[in-house]
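# Residue-level structure breakdown
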Amino acid sequence: MSEGDSVGESIHGKPSVVSAFFTRIGQIYQSWLDKSTPFYAVRWAATLLLTAVYMIRVYLLQGWYIVTYALGIYHLNLFIAFLSPKVDPSLLDEADEGPALPTKQNEEFRPFIRRLPEFKFWHSATKGIVIAMVCTFFEVFNVPVFWPILVMYFIMLFCITMKRQIKHMIKYRYLPFTHGKRTYKGKDETGKPFAS
């Protein structure tokens, strides 16, 4: 490949102004994402506020139900990935050496690792809402449909999907949430082990 053939470079091998601009915008965006990481409650509150604004917009415009339905399906898929373990225990064989969730009392404890981490779940959900909001500004996405059918179908799909996910959790004995789980802190001043 000769000099200047790569994408985003000028004839002399230096990055073009447009490439440098978008690289800088990407770096600023990533910096803001990195700074927002510890503030999960604020992040989710902003996403819920954005969702409320989107829903009010759809309600006032009386349209874009297909976009809303697609957004709901997308969020359902994200939620299922958030609830699922990174390595599906149903795909592992007994002879496989990969990580597995404990199924017996005497097995080694392995922490629950999500297929989709919380931050990526939030980021993807927020991007989906922003894209759906942008779609409401274009009439081409306003396909006329009878919206109660979409609501009924989404509720049915949600119930079936969650039933399957809950059965999977019960069968392989994992709980994707840490609330209510026993935590071990070590020993107190008397030297006796205790659990909170």
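Procedures and definitions
Numbering of residues starts from 1 in every chain and runs along the sequence as written. Reporting of local features is limited, given that this is a predicted model, to residues whose pLDDT is at least 70; pairs of side-chain atoms are given and counted only at 80 or more, and all residues count toward the totals for whole chains, interfaces and linings. Hydrogens and water molecules were not included; the side-chain quantities draw on all heavy atoms of the structure. Residues grouped as a nonpolar core are buried Ala, Val, Leu, Ile, Met, Phe, Trp, Tyr and Cys residues, joined through side-chain atoms within 4.5 Å. Three labels apply to residues, based on accessible area from a 1.4 Å probe with only protein chains included: buried if under 20% of the type maximum, exposed if over 50%, partly exposed otherwise in between. Where helices and strands are cited, they refer to DSSP runs of H or I of at least four residues and of E of at least two residues respectively, numbered from the N terminus. Every residue pair with non-hydrogen atoms within 4.5 Å of one another is taken to be in contact. Patch membership needs two things, relative accessible area over 30% and no salt bridge, and members are linked within 9 Å if like-charged or within 5 Å if nonpolar (Val, Leu, Ile, Met, Phe, Trp, Tyr). All accessible-area figures derive from a Shrake-Rupley calculation using a 1.4 Å probe, and residue coverage is judged against the displayed protein chains alone. By convention in these notes, a salt bridge is any Lys or Arg side-chain nitrogen within 4 Å of a carboxyl oxygen on Asp or Glu. Stacked, edge-to-face and tilted are the three classes for Phe, Tyr and Trp ring pairs, Trp counted by its six-membered ring, which pair at centre distances within 6.5 Å; planes under 30 degrees apart are stacked, over 60 edge-to-face, the rest tilted. Either the NZ atom of lysine or the CZ atom of arginine qualifies as a charge over a ring when it sits within 6 Å of the ring centre and within 35 degrees of the ring normal. UniProt positions are given in the numbering used here, feature names are shortened, and annotations may be inferred rather than shown by experiment. Here, axes are lines fitted to C-alpha atoms. For helices the fit covers the stretch in contact, and angles between N-to-C directions go from 0 to 180 degrees. When describing relative orientation, an angle under 35 degrees is termed roughly parallel and one over 145 degrees roughly antiparallel, while 65 to 115 degrees is termed roughly perpendicular and anything else oblique. By convention, the crossing between two helices is left-handed when the near helix turns anticlockwise from the far helix through less than a right angle, and right-handed when the turn is clockwise. What a helix should span is 1.5 Å times the count of its residues minus one.

### Notes on the nonpolar core
- Counting residues in each nonpolar core, the largest one holds 13 residues, and the members touching the most others are Leu78, Leu83, Leu116 and Phe121.
- Elements represented by at least two residues in this core include exactly helix H3 (65-83), helix H4 (118-135) and helix H5 (147-172).
- When residues in this core are grouped by element, the largest group, six residues, is from H3.
- Dropping the residues within four chain positions of it, leucine 83 is found in contact with Phe112, Arg114, Met162, Gln165, Met169, Tyr174, Pro176 and Phe177.

### Describing a nonpolar patch on the surface
- The grouping of Val18, Phe21, Phe22, Ile25, Ile28 and Trp32 at the surface amounts to a nonpolar patch, some 660 Å² of accessible area in total.
- As for its position among the elements, valine 18 is in helix H1 (residues 17-36).
- Taking the relative accessible area as the measure of exposure, valine 18 reaches 53% and is therefore exposed.

### Considerations on the packing of aromatic side chains
- Taken as a whole, this structure holds seven aromatic pairs when the rule is applied.
- The interplanar angle of 55° and the centroid separation of 5.3 Å between the aromatic rings of tryptophan 44 and phenylalanine 121 together place this pair among those described as tilted. You can see tryptophan 44 sitting in helix H2 (residues 40-61) and its partner phenylalanine 121 sitting in helix H4, a full 77 residues away along the chain.
- Taking the relative accessible area as the measure of exposure, phenylalanine 121 reaches 11% and is therefore buried.
- With a centroid separation of 6.3 Å and 40° between ring planes, the pair formed by tyrosine 65 and tryptophan 147 is classed as tilted. Of the two residues, tyrosine 65 is situated in helix H3 and tryptophan 147 in helix H5; the sequence distance between them amounts to 82 residues.
- Every member of this aromatic cluster is reached through a ring pair, and the members are Trp44, Phe79, Phe82 and Phe121.
- Against the face of tryptophan 32 rests lysine 35, its NZ or CZ located 5.2 Å from the ring centre.
- The ring of phenylalanine 82 is capped by arginine 114, whose NZ or CZ atom sits 3.9 Å from the centre of that ring.

### Remarks on the UniProt feature "transmembrane region" (unreviewed entry) in the chain
- Following the UniProt record, one finds the feature "transmembrane region" (unreviewed entry) at residues 40-60, 66-83 and 145-162.
- When the span residues 40-60 is considered, its composition is 100% helix and 0% strand, and the gap between its end C-alpha atoms is 30 Å.

### Here we look at the packing of H1 against H4
- Where H1 meets H4, the axes come as close as 12 Å, and the angle between the chain directions of the two elements is 125°. With respect to H4, the element H1 is oriented oblique. Where H1 crosses over H4, the handedness of that crossing is right-handed. Every residue of H4 that contacts H1 at Tyr29, Leu33 and Ser36 is listed here: Phe119, Trp122, His123 and Lys127.

### With respect to H5
- A rise of 1.5 Å per residue sets the reference length of H5, with its 26 residues, at 38 Å; its end C-alpha atoms lie 37 Å apart and thus fit the reference within 8%.
- Three or more residues of H5 are buried, namely Leu150, Thr161, Met162, Gln165, His168, Met169 and Tyr172.
- For H5, the secondary structure elements touched by its buried residues are H3.
- Looking at the residues trailing H5, positive phi occurs at arginine 173, about 50°.

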